[in-house]
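The lines below spell out each chain.
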Amino acid sequence: MTFTTADLGALLDRSFRQHASRVAVEDGDRSETFAQLANRSDRLASALLELNPGRRPVAILASNRMEYIEADIALLKAGHPKVPINPRLSQSERLHVVRDSGASILITESTSADSALSLVDEAEALDTVVSIGGGGTHDYEEVLGAANRPPDRAWRPDDPSAILYTSGTTGHPKGATATFRSRMAATWNMLLDELIDVTPADAMLHAGPLSHGSGSKVIAYALGGARNIVVPSFDPGRFLDEALRRRATASFVVPTMITMLIEEAEARKRPTLNLRHVSYGGSPIAPNTIRRAIDVFGPVFVQVYGTAEAPHPLTVLSRSEHVDASDQRLASAGRPTRSVELRLVPTGALDSRVGEIQVRAESVTVGYWEDEESTREAYVDGFYRTGDIGYLDDEGYLTIIDRQKDMVISGGLNVYPAEVEAAIANHAGVLESAVIGVPDERWGERVVAYVVERPGHTVRPEEVTAEVANRLAGYKKPRDVWIVKELAKGSTGKILKSALRSRHWDQQSRQVN
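Reading the values: rules and limits
- Each chain carries its own residue numbering, running from 1 in the written order of its sequence.
- Only residues with pLDDT of at least 70 get local features here, since the model is predicted, and only at 80 or more are side-chain atom pairs given and counted; chain-wide, interface and lining totals rely on the full set of residues.
- Excluded from the side-chain calculation are hydrogens and water; included are all heavy atoms of the structure.
- Segments assigned H or I by DSSP are reported as helices when at least four residues long, segments assigned E as strands when at least two residues long, and all are numbered from the N terminus.
- Classification of residues uses two cut-offs on accessible area relative to the type maximum, computed with a 1.4 Å probe and protein chains only: under 20% is buried, over 50% is exposed, and between them is partly exposed.
- Here, residues are in contact when the closest pair of their heavy atoms is within 4.5 Å.
- Only strands joined by at least two bridges in the DSSP assignment are considered to pair.
- We call Phe, Tyr and Trp rings a pair once their centres come within 6.5 Å, taking the six-membered ring for Trp, and we label the pair stacked below 30 degrees between planes, edge-to-face above 60, and tilted otherwise.
- The rule is short: NZ of Lys or CZ of Arg within 6 Å of the ring centre and within 35 degrees of the ring normal puts a charge over the ring.
- Only the contacting stretch of a helix is used when fitting its axis, a line to C-alpha atoms as for every element, and angles between N-to-C directions run 0 to 180 degrees.
- A pair is scored as a salt bridge if a Lys or Arg side-chain nitrogen falls within 4 Å of a carboxyl oxygen belonging to Asp or Glu.
- Per-residue confidence from the predictor is given as pLDDT, running between 0 and 100.
- For classification purposes, angles smaller than 35 degrees are called roughly parallel, those larger than 145 roughly antiparallel, those between 65 and 115 roughly perpendicular, and all remaining angles oblique.
- Crossing handedness is read from the near helix: turned anticlockwise from the far helix by less than a right angle, it gives a left-handed crossing, and turned clockwise, a right-handed one.
- Handedness rule for crossovers: strands pointing away from the viewer, path from the first strand over the helix to the second running clockwise, crossover right-handed.
- Here, the term nonpolar core denotes a set of buried Ala, Val, Leu, Ile, Met, Phe, Trp, Tyr and Cys residues that are joined through side-chain atoms within 4.5 Å.

A. Up close: the side chain of Thr249. Along the polypeptide, Thr249 turns up in the loop between helix H9 (236-245) and strand E12 (250-253). Take Thr249: its relative accessible area is 9%, and that puts it in the buried class. In this structure Thr249 touches Ala201, Asp202, Ala203, Asn274, Leu275, Arg276 and His277, once residues within four positions along its chain are discounted.

B. Highlighting the sheet that holds strand E10 (residues 203-206). Taken in spatial order, the nine strands make up an open sheet running E2-E1-E11-E10-E12-E13-E14-E15-E16, and their pairing is mixed. This sheet does not close on itself; its edge strands, each paired only once, are strand E2 (30-33) and strand E16 (335-336). Pairing analysis gives two bridges linking strand E15 (residues 315-317) to E16, with the strands arranged antiparallel. Directly across from Val316, in E16, lies its bridge partner Arg335.

C. Structural context of the packing of aromatic side chains. In total, this model carries seven aromatic pairs according to the counting rule given. Note on Tyr280 and Phe301: the rings are 6.3 Å apart at their centroids and 75 degrees apart in plane angle, and the pair reads as edge-to-face. Taken together, the residues span a long stretch of sequence, with Tyr280 in strand E13 (residues 277-280) and Phe301 in strand E14 (residues 301-305) at a distance of 21 residues. As far as the burial class goes, Tyr280 and Phe301 line up, both buried. Each ring, one from Tyr368 and one from Tyr379, has its centre 5.9 Å from the other, and the planes form 75 degrees; the classification is edge-to-face. With Tyr368 in the loop between strand E18 (355-360) and helix H14 (372-378) and Tyr379 in strand E19 (residues 379-380), the pair connects residues that are 11 residues apart, well separated along the chain. Grouped by ring-pair contacts, the aromatic residues Tyr280, Phe297 and Phe301 constitute a single cluster. When the ring centre of Tyr368 is taken as origin, the NZ or CZ atom of Lys174, which lies over that ring, is 5.1 Å away. The ring centre of Tyr397 lies 3.6 Å from the NZ or CZ of Arg329, which sits over that ring.

D. Up close: the sheet that holds strand E25 (residues 444-453). Here we have three strands laid out as an open sheet, ordered E24-E25-E26, and mixed in their pairing. The open sheet terminates on both sides in strands that have one partner only, identified here as strand E24 (430-440) and strand E26 (480-484). Taking the axes of each pair of neighbouring strands and ignoring which way they run, one obtains an average angle of 25 degrees across the sheet. Pairing analysis gives 10 bridges linking E24 to E25, with the strands arranged antiparallel.

E. Up close: unusual backbone geometry. Between His312 and the following residue, Pro313, the backbone shows a cis peptide bond with an omega angle of 5 degrees. Among the structural elements, Pro313 can be located in the loop between E14 and E15. At Asp324, a residue that is not glycine, the phi angle is positive and equals roughly 55 degrees.

F. Structural view of the environment of Ala147. For Ala147, the location among the structural elements is in the loop between helix H6 (140-146) and strand E8 (160-167). Taking the relative accessible area as the measure of exposure, Ala147 reaches 8% and is therefore buried. Along the primary structure Ala147 and Gly28 are separated by 119 residues, whereas in three dimensions their C-alpha atoms are 27 Å apart.

G. Focus on the pattern of salt bridges. With the rule as written, the count across this model stands at 41 salt bridges. Between Arg227 and Glu26 there is a salt bridge; the shortest N-O distance is 3.3 Å. Within this pair, whereas Arg227 is found in strand E11 (residues 227-230), its partner Glu26 is found in strand E1 (residues 23-27), the two being separated by 201 residues in sequence. The partner of Arg446 in a salt bridge is Asp480, and the shortest N-O contact between them spans 2.6 Å. In this pair, Arg446 is assigned in strand E25 and Asp480 in strand E26, connecting sequence segments 34 residues apart. Accessibility expressed as a relative area gives 24% for Arg446, which makes it partly exposed.

H. Seen up close, the confidence of the model for the protein chain. Summing up the model confidence of the protein chain, the mean pLDDT is 90 and the portion of residues at 70 or higher is 93%. Of the regions scoring below 50 in pLDDT, residues 506-513 engages in 11 contacts with residues more than four places distant in sequence or in other chains.

I. Fine view of the packing of helix H10 (residues 255-267) against helix H11 (residues 287-297). Where H10 contacts H11, the two axes come as close as 10 Å, and the packing angle between them is 40 degrees. Judged by the inter-axis angle, H10 sits oblique to H11. Classified by chirality, the crossing of H11 by H10 is left-handed. Each of Ile258, Thr259, Leu261, Ile262, Ala265 and Glu266 in H10 lies in contact with H11, whose residues at this interface are Thr289, Ile290, Arg292, Ala293, Val296 and Phe297.

J. The pairing of E13, seen in detail. Burial of the side chains of E13 extends over both faces: His277 and Ser279 are buried on one face and Val278 and Tyr280 on the other. As defined by bridge partners, E12 adjoins E13 across four bridges and the pair is classed as parallel. Following the sheet pairing, Ser251 is matched in E13 by Val278. What joins E12 to E13 is H10, and the crossover it makes is right-handed.

K. Broad picture of the pairing of strand E3 (residues 58-61). Along E3, one buried face is formed by Val58 and Ile60 and the opposite face, lined by Ala59 and Leu61, is buried too. The pairing of E3 with strand E4 (residues 82-84) spans three bridges and is classified as parallel. Across the sheet, the residue bridging to Ile60 is Pro84, located in E4. Considered for its hand, the β-α-β crossover made up of E3, helix H3 (residues 66-78) and E4 is right-handed. With four bridges joining them, E3 and strand E5 (residues 105-109) adopt parallel strand pairing. Across the sheet, the residue bridging to Val58 is Ile105, located in E5.

L. Focus on helix H1 (residues 8-18). Inspection of H1 places Leu8, Gly9, Leu11, Leu12, Asp13, Ser15 and Phe16 among the buried residues, and these make up the whole buried set. Buried residues in H1 make contact with helix H2 (34-51), H3, helix H7 (180-194) and helix H8 (218-223).

M. Geometry of the nonpolar core. Core analysis: the largest hydrophobic core is formed by 56 residues, its most contacted members being Leu12, Phe16, Leu44, Ile69 and Ile107. The element best represented in this core is H3, accounting for nine residues. Excluding anything up to four places from it in sequence, Ile69 contacts Val25, Leu37, Leu210, Val218, Asn228 and Val230. Residues Val97, Ile163, Leu413 and Ala449 belong to the second largest nonpolar core, which totals 36 residues.

The following block contains the structure:
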């Protein structure tokens, strides 16, 4: 399926005119109409072009707030590649993203202004910090106030629009590059196969970070004239309060959030909400858990599958397909969307149906930012190699049974073992380590580290955790640390992580029935 290369910014302008007086964004006690959002995003886009006429990437480091949505849309209009930075990343991780992307402007907020300014001294290209609430080299409101003309849109459909940082098993973060064309295609993919019927009566509650999956829904809902509601961070009680008070009809969550919401809703005697569409993805979920969620919230859930390189939805398990479904169906990731070509490349598994999941679609990113070698490895014959292993049943449903990469998905966030192992290696008493993901009812998976001590040294588990916490984001810390005498190795000397995982995972659940 080929999508139009129409200007997403122009389509948003049309929607903003059609729904000018309706509320577009709600943020605590603040709100703005579509007319106000159009005006402020236009002025910010114009200002960014003045500050950065070469259209170098612009990074955003901020919590969920109204200005984040303004900046997202302004960058789309101006033609600067957006580089979202997860606020939970450590300073060294932020520095790598800013350096690697070559971002010349960083949009942030006052609470992160000091750390953002310190990046200016270490990242060669970065020279401008626009801070909401002050503290940067430029004040956000002053920047908007100085701009008074519509932005010049002299960019092409295949120019870069967003650089989404992910990582491989080496732990080296890479920027998956989406063009304006692929971002348009990803939006249509959502509207055609996942969200389907967005109307001005809808309201999307963003409780997950706008730098991740939830943020991908902003444009789709704005095009439909619906409200985007932002809350600073996820808390199950606040989620239910905001959903009820603001009549939210939709949200995007990860399985960890679903578990917490079930517990909170049951404690509150199951409050009646207006939710009718809740997309979820990012990590495994037990069939019994999603059944409990349907029992509490109704048949409102839609499962999606995707990656930073190939944005969701690559596959969809619809609301109706969740109802009275078997364990096998609920364990699947659904069926490929209409615009996605999916193939399975054999991996040598005993079952010939099993293979690496590879996808081709206009929504797939075009490669890694300024990294030709990694691009050649991951993109083959127009297909993106996901690194996930799965199979298709006779009805076309995709089941993901393993990952070639050792990535751990905990609470919907990616944790790359090599990064954690590199941090652990800084402990003087550690000889070697292996980090894996093990099943966890709340988080989907939790991070576990196996550590071998150097001769003559003693290592305490809390020291290992502290070593990681000092260098990486909190969600990457091992939840369990096991001190062992040795780690099993193969003939090449490589640590056999499969032997470690087998202690935790039910191997029968990984076999094709």
